[in-house]
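If you want the building blocks of each chain, they are given just below.
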Amino acid sequence: MTVEIPISEMSFPTRMVVGPGALARLPNEMEKLGTKRALIVADKGIKAAGIVERVERVIAEGGLAGAVYLGVSKNPIERDVLEGVETFRRVEADVVIGLGGGAPMDVAKTIALKATHELPLIEYDDLIGGDRKIHGNMPPVIAIPTTAGTGSEVGRASVICLGDDGHKVVIFSPHMLPNVALCDAELTVGLPAHVTAATGMDALTHALEAYVSNGNHPFADMMALGALTRIGRYLVRAVRDGSDIKARHEMMLASSMAAISFQKGLGACHALAHPLSAVADLHHGLANAIMLPHVIEYNLDAAPEAYAIAAQALGDNVSGTLALRARGCFNMVWSILEAIGSPRRLAPLGVKKKMIPTMVEQAVVDAAAAGNPKKLTPEAAKALYERAM
Ligand SMILES: [Fe+2]
């Protein structure tokens, strides 16, 4: 009997330092990289929360230097990166620290890229084979997440709004992986509940979409299930009591695991969520949170086994037919959304019906759509947006 076993691949070179208080190790990590002067890339919200000062203090106490760049937009644009590169050169930094949620970490990674790559940023778009133009000669990057959601600290992608229509472009290369991810849950303690909820739903969506996505990736699958198990147990706790450091830490772990898992691929939810940020300026996690139940319903019959296992990981204990157990995933996600008080509809958040045709056009060609277990047709994308309005 011949058994066909597909070949799978896994690479994960990012060094991870994880745990409450891990920030104190920053100077040590900078020195291990042979660096002395950091450019701290953050945004005004992180600064207002006092986190930039905490990081500056830790660097200074370690006898090293740190300059600060705060020009990061909510949905980063090209200017954020180019001005960051200018600052990086002006202050003669030798390492880039991405401090914040997805946006500052993505901008930090892209500043490191552009510091040594001459082509216009749009040339590195993954959709046109940009990854082949990215080489490893880049200044090192240390990622310090202040939310538990995007997982950009362990991701090889950076999302920047580019081109005439400002659509989200994914720049994707193993060289974009941060050298070090410093994951300290103490930095997430001050996050408001609605941000904890939205970023946590981003992590949940990463893990779920990766787990049910096309393709073969047993390592990523285990990371996805590890993330789903933690999110099922701890997301509601972290939202209800932001000072619950155990819940915060488990969500931090879950966020990184979920992001490691999506090197397998993502799916229709992210494909639909990206245009919601680019066109309607919606928070990425919130866009996922609203679209996810509709995407699960759309996909259920295409990957029932995977959804049934994901439901169990989230904590569902329903037994019965495969269809019932798969449906349990929808129910679990729905009950989490309810418990964390997440918004359900797009229209009250400013999304207009007239935006749908543009968003559909972007969604069906979004790189994430390729991983979906069922083809995301323009008709399906339109119907899913309309259902979520
Ligand atoms: Fe995401």
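A. Representation of the overall build of the protein. Counting its regular elements, the protein contains 14 helices and 8 strands. Here the C-alpha atoms of the protein give a radius of gyration of 20 Å, agreeing with the 21 Å that 2.2 N^0.38 yields for 389 residues. Considering only contacts within the protein whose residues lie at least 6 apart along the sequence, 78% involve residues at least 24 apart.

B. Spotlight on the sheet that holds strand β2 (residues 37–41). Read from one edge to the other, the open sheet built from 6 strands follows the order β1-β8-β5-β4-β2-β3, with strand pairing classed as parallel. Taken across any chain shown, the strands that pair with only one partner, and hence form the sheet edges, are β1 (15–18) and β3 (65–69). Across this sheet, the average inter-strand angle for adjacent strands is 20°, counted without regard to direction. With 4 bridges joining them, β1 and strand β8 (residues 180–183) adopt parallel strand pairing.

C. Examining the packing of helix α6 (residues 193–212) against helix α8 (residues 245–261) more closely. The interhelical angle for the contact between α6 and α8, taken along N-to-C directions, is 35°, at an axis separation of 8 Å. Helix-helix and strand crossings are classified by hand; for α6 and α8 the assignment is left-handed. Contact residues: α6 offers Gly-200, Ala-203, His-206, Ala-207, Ala-210 and Tyr-211, while α8 offers Met-251, Ala-254, Ser-255, Ala-258, Ala-259 and Ser-261. Looking at side-chain class alone, the contact of α6 with α8 contains 8 nonpolar, 4 polar and no charged residues.

D. Geometry of helix α7 (residues 218–240). If you check α7, its first and last C-alpha atoms are 33 Å apart, about what 23 residues at 1.5 Å a residue would give, namely 33 Å. If you look at α7, its biggest bend is around 45°, right at Tyr-234.

E. Quick look at the domain arrangement of the protein. Entries for the protein in the domain assignment read domain 1 (15–188) and domain 2 (193–388). Taken together, the 26 residues of domain 1 in the interface contact 26 residues of domain 2. Among the secondary structure elements, those contributing two or more residues to the side of domain 1 that touches domain 2 are β1, β7 (167–172) and β8. The dominant element in the side of domain 1 that touches domain 2, judged by the number of residues it contributes, is β7, at 3 residues.

F. Highlighting helix α14 (residues 378–388). Every buried residue of α14 is accounted for by Ala-381, Leu-384, Tyr-385 and Ala-388. Projection of α14 onto a plane perpendicular to its axis shows the buried side chains occupying an angular sector of 95°, all on one side. Residues of α14 that are exposed and point more than 90 degrees away from the buried face comprise Glu-379 and Glu-386. Buried residues belonging to α14 abut α9 (268–280), α10 (284–299) and α13 (356–365).

G. Expanded view of unusual backbone geometry. Its identity is not glycine, yet Glu-92 carries a phi of approximately 55°, on the positive side. Considering the arrangement of structural elements, one finds Glu-92 in the loop between α4 (78–90) and β4 (95–100). Residue Asp-281 is not a glycine yet carries a positive backbone phi of 60°.

H. Seen up close, the environment of Leu-204. Here Leu-204 shows up in helix α6. Separated by 31 residues in sequence, Leu-204 and Leu-235 have C-alpha atoms that sit 9.2 Å apart. For Leu-204, the residues in contact, after removing those within four places along its chain, are Ile-231 and Leu-235.

I. View of the packing of α13 against α14. Where α13 contacts α14, the two axes come as close as 9 Å, and the packing angle between them is 130°. One finds that α13 runs oblique with respect to α14. Regarding α13 and α14, the two cross each other, and that crossing is right-handed. Contacts between α13 and α14 involve Ile-356, Met-359, Val-360, Ala-363 and Val-364 from the first element and Pro-378, Ala-381, Lys-382, Tyr-385 and Glu-386 from the second. A breakdown of the residues in the contact of α13 with α14 according to their chemical character gives 8 nonpolar, no polar and 2 charged.

J. Seen up close, the nonpolar core. Ranked by size, the top nonpolar core spans 139 residues in total, and within it Val-41, Val-96, Ile-97, Ala-207, Leu-272, Tyr-307 and Ala-310 carry the most contacts. If we ignore the near neighbours within four places in the chain, the residues touching Tyr-307 are Val-212, Ile-296, Leu-300, Ala-326 and Cys-329.

K. Structural view of the pairing of β8. Alternating positions in β8 separate into two faces, Val-180 and Leu-182 on one and Ala-181 and Cys-183 on the other, with burial throughout. As paired strands, strand β5 (residues 141–145) and β8 are joined by 2 bridges and run parallel to one another. Considered in β8, the bridge of Ala-143 is made with Ala-181.

Definitions and limits used
Residues numbered from 1 in each chain as written. Predicted model: local features only at pLDDT ≥ 70, side-chain atom pairs only at ≥ 80, totals over all residues. Helix = DSSP H or I, 4+ residues; strand = E, 2+ residues; numbered from the N terminus. Rg over C-alpha atoms; globule rule 2.2 N^0.38 Å. Contact = placed C-beta atoms within 7 Å. Pairing = 2+ DSSP bridges. Axes fitted to C-alpha atoms, helices over the stretch in contact; angles between N-to-C directions. Left-handed = near helix turned anticlockwise from the far one by under 90°. Nonpolar A, V, L, I, M, F, W, Y, C, P; charged D, E, K, R; others polar. Expected span 1.5 Å × (residues − 1). Bend = angle between axes of the 7 residues up to and from the residue. Domains from an automatic or database assignment. Buried ≥ 20, exposed ≤ 12 C-beta atoms within 10 Å, placed from the backbone. Arc of directions from axis to C-beta. Parallel < 35°, antiparallel > 145°, perpendicular 65-115°, else oblique. Core = buried A, V, L, I, M, F, W, Y, C linked by C-beta atoms within 7 Å.

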